[in-house]
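This is what each chain is made of:
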Amino acid sequence: MFCIAICDDEEYFRFREKKLVEQYMADRGYSCRIDLYPSGKDLLGKAETPLQYDVIFLDISMEEIDGLQTAEKLREMSAKVQIVFVTAYITYALEGYKVGAVRYLLKEDESLESSLKECMDTLTDRMAYQQMTYRFDGPDGKRDIPLDSILYVESRLHKVLFFVREDGVKEYSRYDKLAAVETELGRYGFCRTHQSFLVNMKHVTGVERYQVTLENGTEINISKKYYKKVEAEYIRQQGEM
């Protein structure tokens, strides 16, 4: 089940967005829970708010604490929650992207439905991806690791090492070839950067000077052979934000 929050101080748009999201999810056979909040203060009043939601739709112009301030607080608590701004003012778009907003939708009845649908196409792909797992066989039996938590994969001798976000970064390994892992994960946004590295592009924050930088600060070399492909994939991913 997908958990979604809509935070807007205008009752009409609160329920309008809820209806559109419900219809979208029903048409595609997804189950979801949608909670409504009339203010950023109410949304932030729940200590674990960002941890329970996959997506939060935020109005920007709200009293007491506006949408941008609310988003900043949410980001302090979670880097994972998807934030979408729905507002009447395009002038705040740049500020919205600074807090990692996925989309910026305008409150126009004639375009809101189509833009929200396009936004949900991207969001549901991301949320489905986050629920996918990769199986490891270890001494304690089989274990499924969320694909979204894998930062990168390294080939070393006859093993491939998987670096995974788990209370820091943990390392898993198995006997395999990096080319085989690339075949498995390439369709999910993992990109070959070097003969020895496969990177989850969803965790890349920068590509320059033949090097990728991951969100945890790790820097990985890009060989000349793969640079153009990596750069193009990074630009494509940014275009989906």
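Starting from 1, residues in each chain are numbered consecutively following that chain's sequence as written. Given that this is a predicted model, residues contribute local features only at a pLDDT of at least 70 and side-chain atom pairs are listed and counted only at 80 or more, while totals for whole chains, interfaces and linings are drawn from all residues. Note that the side-chain values use all heavy atoms of the structure and ignore hydrogens as well as water.

Q: Even after reading the chapter, I still don't get the overall build of the chain, so can you show me in this structure?
A: Strands are runs of DSSP state E lasting at least 2 residues, helices are runs of H or I lasting at least 4, and numbering of each runs from the N terminus. The secondary structure content of the chain amounts to eight helices and 15 strands. By the burial criterion, 45% of the 241 residues in the chain qualify as buried. Of the roughly 13,000 Å² of accessible surface on the chain, a fraction of 48% belongs to carbon and sulfur atoms. The buried label applies to any residue whose accessible area, calculated with a 1.4 Å probe on protein chains only, is under 20% of its type's maximum; exposed applies above 50%, and partly exposed to all values in between. Note on areas: Shrake-Rupley, 1.4 Å probe, and residue coverage restricted to the protein chains presented here.

Q: Even after reading the chapter, I still don't get helix H4 (residues 67–77), so can you show me in this structure?
A: Each full turn of the α-helix corresponds to 3.6 residues, which orients residues three or four apart in the same direction. Those residues of H4 not exposed but buried are Gly67, Leu68, Thr70, Ala71 and Leu74. All buried residues of H4 lie within an arc of 155 degrees about the axis, which places them on one face of the element. For this analysis, a polar contact is any N or O atom pair within 3.5 Å, provided that within protein one partner can donate a hydrogen and the other can accept it, and provided that sequence-adjacent residues contribute only side-chain to side-chain pairs. Capping the start of H4 is the job of one residue whose side-chain oxygen sits 3.1 Å from the backbone nitrogen of Leu68: Asp66. Our arc is simply the arc of the directions from the helix axis toward the C-beta atoms.

Q: Is there a simple way to explain the sheet that holds strand E8 (residues 150–156) in this structure?
A: In any sheet, the strands associate via hydrogen bonds between backbone groups, in a parallel or an antiparallel arrangement. By the convention used here, strands pair only if DSSP detects at least 2 bridges between them. The strand order across the open sheet formed by five strands is E10-E9-E8-E12-E11, and the pairing between neighbours is antiparallel. Of all strands in the sheet, those bounded by a partner on one side alone are strand E10 (169–175) and strand E11 (190–194). If you compare each strand with its neighbour and ignore which way they point, the axes differ by 20 degrees on average. For helices, the fitted line uses only the C-alpha atoms of the stretch in contact; every axis is such a line through C-alpha atoms, and the angle between N-to-C directions lies from 0 to 180 degrees.

Q: Got a minute to help me understand the sheet that holds strand E13 (residues 204–208) in this structure?
A: Across the sheet, which stays open at both edges, the three strands sit in the order E13-E14-E15 with antiparallel pairing between neighbours. Edge strands, defined here as strands with exactly one partner in the open sheet, are E13 and strand E15 (219–221). Here the strands of the sheet are splayed against their neighbours by 20 degrees on average, with no regard to which way each runs. Sheet topology note: the strand E14 (residues 211–214)/E15 ladder contains three bridges and is antiparallel.

Q: How should I be thinking about the nonpolar core in this particular structure?
A: If you look at soluble globular proteins, the nonpolar side chains tend to sit buried side by side. For the purposes of this section, nonpolar cores are sets of buried Ala, Val, Leu, Ile, Met, Phe, Trp, Tyr and Cys residues that join through side-chain atoms within 4.5 Å. Formed by 21 residues in total, the largest nonpolar core has its most connected members in Ile4, Val21, Phe57, Val84, Met120 and Leu123. Of all elements in the fold, only strand E1 (2–7), helix H1 (11–27), strand E3 (55–58), strand E4 (82–87), strand E5 (101–106) and helix H6 (109–130) reach the threshold of two or more residues within this core. Per-element tally for this core: the top contributor is H6, with six residues. Contacts were defined at the residue level, with two residues in contact if any of their heavy atoms lie within 4.5 Å. Apart from residues no more than four positions distant in its own chain, Val21 is found in contact with Ile4, Ile34, Phe57, Leu116 and Met120.

Q: Got a minute to help me understand the packing of aromatic side chains in this structure?
A: Working definition: an aromatic ring pair is given by the centre-to-centre distance plus the angle between the planes. Aromatic rings from Phe, Tyr and Trp, with only the six-membered ring used for Trp, were paired whenever their centres fell within 6.5 Å, and each pair was classed as stacked if the ring planes differed by under 30 degrees, edge-to-face if by over 60, and tilted otherwise. Scanning the model with the defined rule gives seven aromatic pairs in all. Look at Phe85 and Tyr104: their rings are 6.5 Å apart centre to centre, the planes differ by 55 degrees, and that puts the pair in the tilted class. In this pair, Phe85 sits in strand E4 while Tyr104 sits in strand E5, placing the two residues 19 residues apart along the sequence. Given a relative accessible area of 0%, Phe85 falls into the buried group. Arranged with centres 4.5 Å apart and planes meeting at 45 degrees, the rings of Tyr210 and Tyr227 form a pair that is tilted. Taken as a pair, Tyr210 in the loop between E13 and E14 and Tyr227 in helix H8 (residues 224–239) lie far apart in primary sequence, 17 residues in all. Here Tyr227 falls in the buried class, since its relative accessible area comes to 15%.

Q: Help me understand the pattern of salt bridges in this model?
A: Once the charged atoms of two side chains with opposite charge are near each other, the side chains can pair. The salt bridge criterion pairs a side-chain nitrogen of Lys or Arg with a carboxyl oxygen of Asp or Glu, the two atoms within 4 Å. In this structure the tally under the stated criterion is 14 salt bridges. Across the salt bridge formed by Arg33 and Asp35, the nearest N and O atoms sit 3.0 Å from each other. Its relative accessible area of 31% is what places Arg33 among the partly exposed residues. Linking Glu154 and Arg156 is a salt bridge whose minimum nitrogen-to-oxygen distance equals 2.9 Å. Classification of Glu154 by relative accessible area gives buried; the value is 13%. By relative accessible area, which is 40% here, Arg156 ends up partly exposed. A network of salt bridges, in which partner residues are shared, links Asp8, Glu10, Asp59 and Lys107.

Q: Which parts of the structure should I look at to understand the pairing of strand E9 (residues 159–165)?
A: Residues in a regular strand project their side chains so that they alternate between the two faces of the sheet. Most of E9 sits out of view: five of its seven residues are buried. By the bridge criterion, six bridges tie E8 to E9 in an arrangement that is antiparallel. Residue pairing in the sheet places Tyr152 in a bridge with Phe163 of E9. The antiparallel pairing of E8 with E9 creates a hairpin that spans two residues between the two strands, and Leu157 there sits at a positive phi of about 55 degrees. In terms of strand pairing, E9 meets E10 through seven bridges, oriented antiparallel. Its bridge partner being in E10, Lys159 is matched across the sheet by Tyr175. Where E9 folds back on E10, the antiparallel hairpin that results is connected by three residues, among which Asp167 adopts a positive phi of roughly 50 degrees.

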